[in-house]
Every structure is written in C-alpha cells, then in structure tokens.
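So you can see what is in the structure, the chains are spelled out below.
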Amino acid sequence: MKKICFITTSRADFGMIKIIVDETLKNKKYFKTFLLISGNHNDSFFGKSLKEIQFKKGLKIVKAFSNQRNKNSLSVLLSFSSFLKKYSKSLKKINPDIFVTFGDRYEMLAATISAYILKIPIVHIAGGEKTSGSLDEGFRHSITKLSNLHFPTSNKYRKRII
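Computed from a prediction, not measured in an experiment: that's the story for all the values here.

Student: I'd like a description of helix α2 (residues 73-94), backed by residues and values.
Tutor: Given 3.6 residues per helical turn, the α-helix brings residues three or four places apart onto the same face. With 22 residues, α2 extends 31 Å between its outermost C-alpha atoms, agreeing within 8% with the 32 Å of an ideal straight helix rising 1.5 Å per residue. Every buried residue belonging to α2 is among Ser75, Val76, Ser79, Phe80, Phe83, Tyr87, Ser90, Leu91 and Ile94, and all of these are buried. Projected down its long axis, α2 shows its buried positions confined to an angular sector of 130°, all on one face. In α2, the exposed positions angled more than 90 degrees off the buried face are occupied by Leu74, Leu77, Leu78, Lys85, Lys89, Lys92 and Lys93. Looking at the buried positions of α2, the neighbouring elements they touch are β1 (2-8), β2 (31-38), β3 (59-64), β4 (98-102) and α3 (106-117). Where α2 begins, one side-chain oxygen reaches toward the backbone nitrogen of Leu74, 3.1 Å away; that side chain belongs to Asn72.

This is the structure in structure tokens:
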C-alpha cells in the first residue's frame, strides 16, 4: 500500500485537488491517503474554509497551522519559516511515498522544500504558468524545479516546463 500526501492551504487549491483525493480514497486497497491542511483554512478572516472540507472515511488528516496575517515581506518570511518547520515535522511523521502539491503560494513552496529535503518524490499540479509581477511567479517555478512529476494545465505550460 502506497502513502500519498496531499496539501491544501486554501479553498481555491482544495477545490482543484478534491477530485484526485476522492479517487485515491476509492482505491483504499492500494493507497493510504493523507491530507495536510494548512494556510488560511482555519482563519475566520478568509471564511474559515476548514469547515467546508468533508472528512471522508479513510482520509487521514494532519493539520499544520501558523499565524499568517502577513503585512510585509518580513512577516511573509517569518510565516514561511514557521510553515517550513511544521511541514517538515508532519511529513517526517507521515513518511509518504509521494507528496502532491498544487500551485504557487509560499506555503506550498515551504511544503515542497520540506518534501525535497526529506527525499519524498513530489508531484506538482499547475506548473509552468505565469504570474507576472508577483512573488508567486518565483514560488511556482521553484516548486516546479524541485518536483519529480508534473501535471501542467495546458500544452503551453507543459512546453514552458520542458
């Protein structure tokens, strides 16, 4: 049985990975599915979307929250540091066979760096896209570079990854 760990940090990315998570749960004979819940899911300012995640039978939940009301670059760095520590501990404990990440946020980069250093193979969904003028641009491309398997959303993005 293979252990798969997905990460979700917001309502937006959970909506995109939910179908894949549900598929792994249908195949409990082959997969043990973990969901690392983090980011702003537990923050009432962002709608406390944690309550919208339906916890299905067989889904192993790991929560790693940190205060992230970022006001400036330093607060983003401090949040990044906090997430790096929490994700590293969580991933070490889970010890998944594969780690699945989506998108381009700094929380995802912290989780990807943790998985990379722990030598956990990384799957990146939605790499190769562009967000000009945003820090997310560098985060996404860093995640892509550290990942082992890529699922871009279009042929244009696939070519950019290559």
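Student: Go over the side chain of Thr101, please, and point to the residues and values.
Tutor: Position of Thr101 among the secondary structure elements: in strand β4. Setting aside residues up to four positions removed in sequence, Thr101 forms contacts with Ile7, Met108, Thr112, Ile122, Val123, His124, Ile125 and Ile143.

Student: Quick rundown of the pattern of salt bridges? Include the residues and the values.
Tutor: Enumeration according to the criterion identifies six salt bridges in this entry. The partner of Asp104 in a salt bridge is Arg140, with the nearest N and O atoms 2.4 Å apart. Taken together, the positions of Asp104 in the loop between β4 and α3 and Arg140 in helix α4 (residues 135-146) put the pair 36 residues apart, joining distant regions of the chain. The class of Arg140 is buried, set by a relative accessible area of 4%. Between Glu137 and Lys130 there is a salt bridge, with the nearest N and O atoms lying 3.5 Å from each other. Look at the salt bridges and you will find they share partners, linking Asp104, Lys130, Glu137 and Arg140 into a network.

Student: Give a detailed account of the packing of aromatic side chains, specifying residues and quantitative values.
Tutor: Under the defined criterion, the tally for this structure stands at three aromatic pairs. Between Phe83 and Tyr87, the aromatic rings sit 5.3 Å apart at their centres with planes inclined by 15°, giving stacked as the arrangement. Within this pair, Phe83 and its partner Tyr87 are both found in helix α2, separated by four residues, close to a single helical turn. Here Phe83 and Tyr87 have matching classes, each one buried. With 6.3 Å between their ring centres and 55° between their planes, Phe83 and Tyr106 make a pair best called tilted. Here the residue Phe83 occupies a position in helix α2, and Tyr106 occupies one in helix α3, the gap between them amounting to 23 residues. This pair shows no difference in class: Phe83 is buried, exactly as Tyr106 is. Taken together, Phe83, Tyr87, Tyr106 and Phe139 form an aromatic cluster joined through their ring pairs.

Quick notes on the rules
- The residue count restarts for each chain, going from 1 along the sequence in the order it is written.
- Owing to the predicted nature of the model, reporting of local features is limited to residues with pLDDT of at least 70; listing and counting of side-chain atom pairs is limited to 80 or more, with chain, interface and lining totals taken over all residues.
- Only hydrogens and water are removed before side-chain values are computed, so all heavy atoms of the structure are retained for them.
- Secondary structure elements follow DSSP: runs of H or I of four or more residues count as helices, runs of E of two or more count as strands, with numbering from the N terminus.
- The length a helix should cover is 1.5 Å for every residue beyond the first.
- We call a residue buried when its accessible area falls under 20% of the maximum for its residue type, exposed when it is over 50%, and partly exposed in between, using a 1.4 Å probe and counting protein chains only.
- Our arc is simply the arc of the directions from the helix axis toward the C-beta atoms.
- For this analysis, residues touch if any pair of their heavy atoms sits within 4.5 Å.
- In the analysis that follows, any N or O atom pair within 3.5 Å is treated as a polar contact, provided that within protein one partner can donate a hydrogen and the other can accept it, and provided that, for residues neighboring in sequence, both atoms belong to side chains.
- A carboxyl oxygen of Asp or Glu within 4 Å of a side-chain nitrogen of Lys or Arg is what we treat as a salt bridge.
- Each aromatic pair joins two rings of Phe, Tyr and Trp (for Trp, the six-membered one) with centres within 6.5 Å, and gets the label stacked for planes under 30 degrees apart, edge-to-face for over 60, and tilted for any other angle.

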